[in-house]
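# Geometric and topological summary
Chain by chain, the residues run as shown.
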Amino acid sequence: MPPSLSADQPLTPRRSRRPAPPGPRRAAPRAPKPRRGWGRRLVGALLGLAALGVLVVAAVTGLAWLRFGSDLPSVAGLRHYQPPVMTRIYAADGRPVADLATERRILVPFHDIPVPLQNAFLAAEDQNFWIHPGIDPVAILRAGIWDVMHLGSGHRPLGASTITMQVAKNLLLRHRMTFVRKIEEAFLALRIDQSLPKQQILTIYLNAIYLGDGAYGVAAAAETYFGKPPGQLTLAEDASLAALPKAPHHYDPLHQPAAALARRNWVLDRMADDGTITRAQATAAKAEPLLPAGRVQARPVAGADWFASDVQHRLVERFGNSLTLSGGLTVRTTLVPRLQAAATRAMRDGLMAYDRRMGGWRGPLATLPPAALADWPKALARQTPPAGMLSAWRLAVVLPGGSPAAPRVGWLGAADHAARQAALSLGGAVWHQPMTPGGTMRPAFAGLAQMVHPGDVILIHPPGGATRLALLRQVPKVQGALVSLDPTTGAVVAMVGGWSYRASQFNRATQAQRQPGSSFKPMVYLTAMERGYSPSSRFLNAPIVVNLGAGGLWRPHNYEDNFGGPTPLRVALEQSMNLVTVRLAEHLGMKSIAHTAEAFGMVKSLPLVLPAALGAADTTVLHEAAAYATLDNQGRKVTAHLIASVTDPEGHVVWRPRGLACACDNPAVPPQLIDSRKQIADPASVFQVVTMMEGVVTRGTGIPAGKGFHRPIAGKTGTTENFQDGWFSGFTPQLVTVVWVGFDTPSTLGHGQAGAVVAAPIWNQYMRAALKGRPALPFVAPPGVTMARWDSGSGMVTDAFKPGEVPGADTQPVPSGAAATAVAGGPPPSAAPPGHQAAPGVDNALGGLY
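Residues numbered from 1 in each chain as written. Predicted model: local features only at pLDDT ≥ 70, side-chain atom pairs only at ≥ 80, totals over all residues. Heavy atoms only, no water.

## A look at the overall build of the protein chain
For the protein chain, the count of helices and strands is 22 helices and 27 strands. When burial is assessed residue by residue, the protein chain has 48% of its 850 residues classed as buried. If you take every contact in the protein chain between residues at least 6 apart in sequence, the share linking residues at least 24 apart comes to 71%. Within the structure as shown, the protein chain displays about 40700 Å² of accessible surface, and the carbon and sulfur contribution to it stands at 58%. (Helix = DSSP H or I, 4+ residues; strand = E, 2+ residues; numbered from the N terminus. Buried < 20%, exposed > 50% of the residue type's maximum accessible area, 1.4 Å probe, protein only. Contact = heavy atoms within 4.5 Å. Areas by Shrake-Rupley, 256 points an atom, 1.4 Å probe, with all protein chains shown as cover.)

What follows is the structure, encoded as structure tokens:
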């Protein structure tokens, strides 16, 4: 029986023990779950979008690669990249003369680029350079957001180019900036980063980047802006250079100091943010001036433009234009800056002296109307200076109200363009009126009152030093040339090619073909000495008429139209007697004289006509200087050269002049000079001519050249027909110098303006400066020569005589050349003799005068 229920138990149904009927079971109710937050849903959505973005980027990248990747240039060339590097020309003392370049660049390796300079560029241009793969996704994202936010605002898009991308753009992609090019830059940057070490990429960038003022790369920029190499830059200067790539012209510290200073300080702050410098270092660097107060910038040697131009011409001839302008050659020249300055000064002083004497005062450059004088600085600023105005001169205007004898002039300062005034003076110089068309000197002006008037625009040399007066100036029309060289080596130490290189780049020292006149005569007299004549050999100083066949009759004459009977060759050369020289030449034969002149390099090809013995043949100042140097070198051939050595960027010497070498290999033996140059004339004969040429300076036509000297000098004057060319060529044992004066278009210098008048004073001024402080050396006689005094008929002289020659005797060896038929004072024969035919195109009326 089931147990009975107590009264306390509630009545509840009993569970059935039978299985539940088939059908779905109803789950028991659960507690409600919390709902997902909106943040988690957003994160999920963003992750989904990111994944989608990755897929899209991958797809776009793949498509872009298929579209652009196959056509991109190869980066293999960057592994051995050599940028165009300028050729640098230096003087003998190491001072810069000129840079030759398509891009002015100094190549500097990575280990020579200071770390602070590297960090400055990285801070300004690519902060993540060392860690990104060639492109900087963070910078791209930042630039993209900024550009979207400023769309339509007119702001310039924010750049995201890395240094690697800039290398790709500048060296591999040359077309203009487009969206397509930016894609190409990115792909190339990835390739470059995979192919080259970071250090090499940075080195390429810092050597290739344009940094303004014609400077490519950090080394050239450091020199341009601060006058020093990169290793000597301060932190502030590092930052100044790093400020330039964004906009070189806008941040140029020389011309845009305010913008450059702000950008420099920004770079310093970026470096502090990067941790490459401290805040204290940045603050100290900001306090430095933009450009150092004592900055010394290396400047090319003044007045060396013609020299540098000739060096460039010779380099192009030897190495080609491309290697000369971009091969990074180092050219050591023979130029001596001190002598170049002295040569330039002497030439300009001499040309101005001639211009005041014969060119005369030619009047003002312009005349301002009276109304313009109320604001003369503004009116003067609109005037264009003449091309030949020297840098030390200024344009000025004669102001009203001054004394006629000492009028006041106004001009603008060279640096600040501020108005200045001073009294005008002639400085003690005498100014003549322009010579007559026939070449006659005209009277001098009495003073400034006859020359200038209020409103006249003129040239002046501003007051300076001890003088408070402005000096009247004028650009000469006459030109000149000077070459000075070492007679032992042939090294050209100074060269002047005219009045002003800015006005005319034509080099009259090397390019102008002019007749040397009587400065050619030493070639005739040397030929005579080698044929057995002596300084005391005599020839008739009397009228002569020569039949030149098709050239007609030629009647040479002496400068002073004097005659003197039989005359020693010594005296004939001293006094530059044409009649004696012509008779000597006819005895020698023009072929033998031509052989001497051509061997010495005086001329390339001498016409076989007697007028050529008086200098009726073209030569250049440089050729004559080399010929006289060979005389000075006792007949051993001297070839003039301007270049001492050329080295490639690796320091290998690729060229140096031949002929002289140093035997310096054995330290136990003192260095010896090996001279392999050809002996082209007998030393004894050469020394005889040199001794005779000393007489030219002490007793003859060259006396003005030797004024004030107390040392042996040998030389010869030269003047051509109608005074069209004036020469003086002379030398000491240490130095040879040749001076020429004339007009570019041959015309008379004026009656009496011989070489002794126009060229010798220039030679004298230069040589006195060049030889100052150097010992007075004698010309050394070769073995076998005897020095003897003898009576020349015009005084006692000392000459050199060979063995068997009797001082004072009229030595007359038998001539071996065909003699020209000439009649002293009589009619000429009907035909010219062999060897003396007139050369086509030669004006046989021309010849030496003096």
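## Quick notes on the sheet that holds strand β22 (residues 714-719)
Strand order in the open sheet made by the five strands is β13-β12-β24-β23-β22, with antiparallel pairing throughout. Here the strands that pair on one side only, and so sit at the sheet edges, are β13 (492-496) and β22. Ignoring strand direction, the axes of neighbouring strands in this sheet form an average angle of 5°. Bridging between strand β23 (residues 725-731) and strand β24 (residues 736-742) involves seven bridges; their strand directions are antiparallel. Of the residues in β24, the one forming a bridge with Gly726 is Val741. (Pairing = 2+ DSSP bridges. Axes fitted to C-alpha atoms, helices over the stretch in contact; angles between N-to-C directions.)

## Re the side chain of Ser518
Along the chain, Ser518 falls in the loop between β13 and α15 (521-530). You can call Ser518 buried: its relative accessible area is 0%. A distance of 3.1 Å separates a polar atom in the side chain of Ser518 from a polar atom in the side chain of Ser576. (Polar contact = N/O pair within 3.5 Å; in protein donor to acceptor, adjacent residues only side chain to side chain.)

## Quick notes on the packing of aromatic side chains
How two aromatic rings sit relative to each other is set out by the distance from centre to centre and by the angle between their planes. Applying the stated criterion across every chain yields a total of 13 aromatic pairs. A ring pair is formed by Tyr210 and Tyr216, whose centres lie 4.8 Å apart and whose planes are at 50°; its orientation type is tilted. Taking the relative accessible area as the measure of exposure, Tyr210 reaches 35% and is therefore partly exposed. Seen from their ring centres, Phe731 and Phe779 are 5.7 Å apart, and the 85° between their planes marks the pair as edge-to-face. Within this pair, whereas Phe731 is found in strand β23, its partner Phe779 is found in the loop between α22 (760-770) and β25 (786-791), the two being separated by 48 residues in sequence. Classification of Phe779 as buried rests on a relative accessible area of 13%. (Phe/Tyr/Trp six-rings, centres within 6.5 Å; stacked < 30°, edge-to-face > 60°.)

## A few points about the pattern of salt bridges
By the definition in use, this model includes 18 salt bridges. Notably, a salt bridge pairs Asp269 with Lys286, separated by 2.5 Å at the nearest N-O pair. Of the two residues, Asp269 is situated in helix α9 (residues 257-274) and Lys286 in helix α10 (residues 279-286); the sequence distance between them amounts to 17 residues. One salt bridge connects Asp355 with Arg362, and the closest N-O pair in it is separated by 2.9 Å. Among the residues examined, Asp355 registers a relative accessible area of 3% and is labelled buried. Look at Arg362 and you get partly exposed, because its relative accessible area is 31%. Via salt bridges that share partners, Arg570, Glu574, Arg699 and Asp799 belong to a single interconnected network. (Salt bridge = Lys/Arg side-chain N within 4 Å of Asp/Glu carboxyl O.)

## Describing the environment of Gly388
Mapped onto the elements of the fold, Gly388 is located in the loop between α14 (376-381) and β7 (394-398). Distance in space between the C-alpha atoms of Gly388 and Ser504 is 8.3 Å, their sequence separation being 116 residues. Leave out the neighbours within four places in its chain, and Gly388 touches Val475, Trp499, Ser500 and Ala503.

## Thoughts on the nonpolar core
The biggest cluster of nonpolar side chains holds 90 residues, and the ones touching the most others in it are Val97, Val483, Val492, Tyr525, Leu569, Leu606 and Phe731. Not counting residues up to four positions away in its chain, the partners in contact with Val492 are Phe307, Thr334, Leu335, Val483, Ser484, Leu485, Leu622, Ala640, His641 and Leu642. Counting 54 residues, the second largest nonpolar core, distinct from the first, contains Phe121, Leu188, Tyr225 and Ala239. (Core = buried A, V, L, I, M, F, W, Y, C linked by side-chain atoms within 4.5 Å.)

## With respect to the packing of helix α8 (residues 235-242) against α9
Running from amino to carboxyl end, α8 crosses α9 at an angle of 110°, the nearest separation of the two axes being 8 Å. Regarding the angle of α8 to α9, the classification is roughly perpendicular. Residue-level inspection shows Leu235, Ala236, Ala239, Ser240 and Ala242 of α8 in contact with α9, the latter providing Arg264, Val267, Leu268 and Met271. Of the residues belonging to the contact of α8 with α9, the class tally is seven nonpolar, one polar and one charged. (Parallel < 35°, antiparallel > 145°, perpendicular 65-115°, else oblique. Nonpolar A, V, L, I, M, F, W, Y, C, P; charged D, E, K, R; others polar.)

## A short note on α9
Helix length check: α9, at 18 residues, gives a terminal C-alpha distance of 26 Å against a target of 26 Å (1.5 Å per residue), a fit within 8%. Where α9 is concerned, the buried positions are Ala259, Ala260, Arg263, Arg264, Asn265, Val267, Leu268, Met271 and Ala272. Its buried side turned inward, α9 meets α2 (115-125), α8 and α10. Residue Gly275 follows α9 closely and has a positive phi angle near 85°. (Expected span 1.5 Å × (residues − 1).)

## Brief notes about unusual backbone geometry
The phi dihedral of Asp213 is positive, around 55°, even though this residue is not glycine. Mapped onto the elements, Asp213 comes out in the loop between α6 (198-208) and β4 (215-216). Phi at Ser576 takes a positive value of approximately 55°, unusual for a residue other than glycine. Structurally, Ser576 is set in the loop between α16 (569-574) and α17 (578-588). Judged by its relative accessible area of 1%, Ser576 falls in the buried class.

## With respect to the packing of α15 against helix α18 (residues 590-600)
The axes of two packed helices give the description: the angle between them and the distance between them. Relative orientation of the contacting elements α15 and α18 amounts to 115°, with a least axis distance of 9 Å. If you check the angle between α15 and α18, you find them roughly perpendicular. Once α15 is placed against α18, the crossing between them reads as right-handed. Residue-level inspection shows Met523, Val524, Leu526, Thr527 and Glu530 of α15 in contact with α18, the latter providing Ser592, Ile593, Thr596, Ala597 and Phe600. (Left-handed = near helix turned anticlockwise from the far one by under 90°.)

From the geometry alone we can't say anything about function, so treat these as descriptive.
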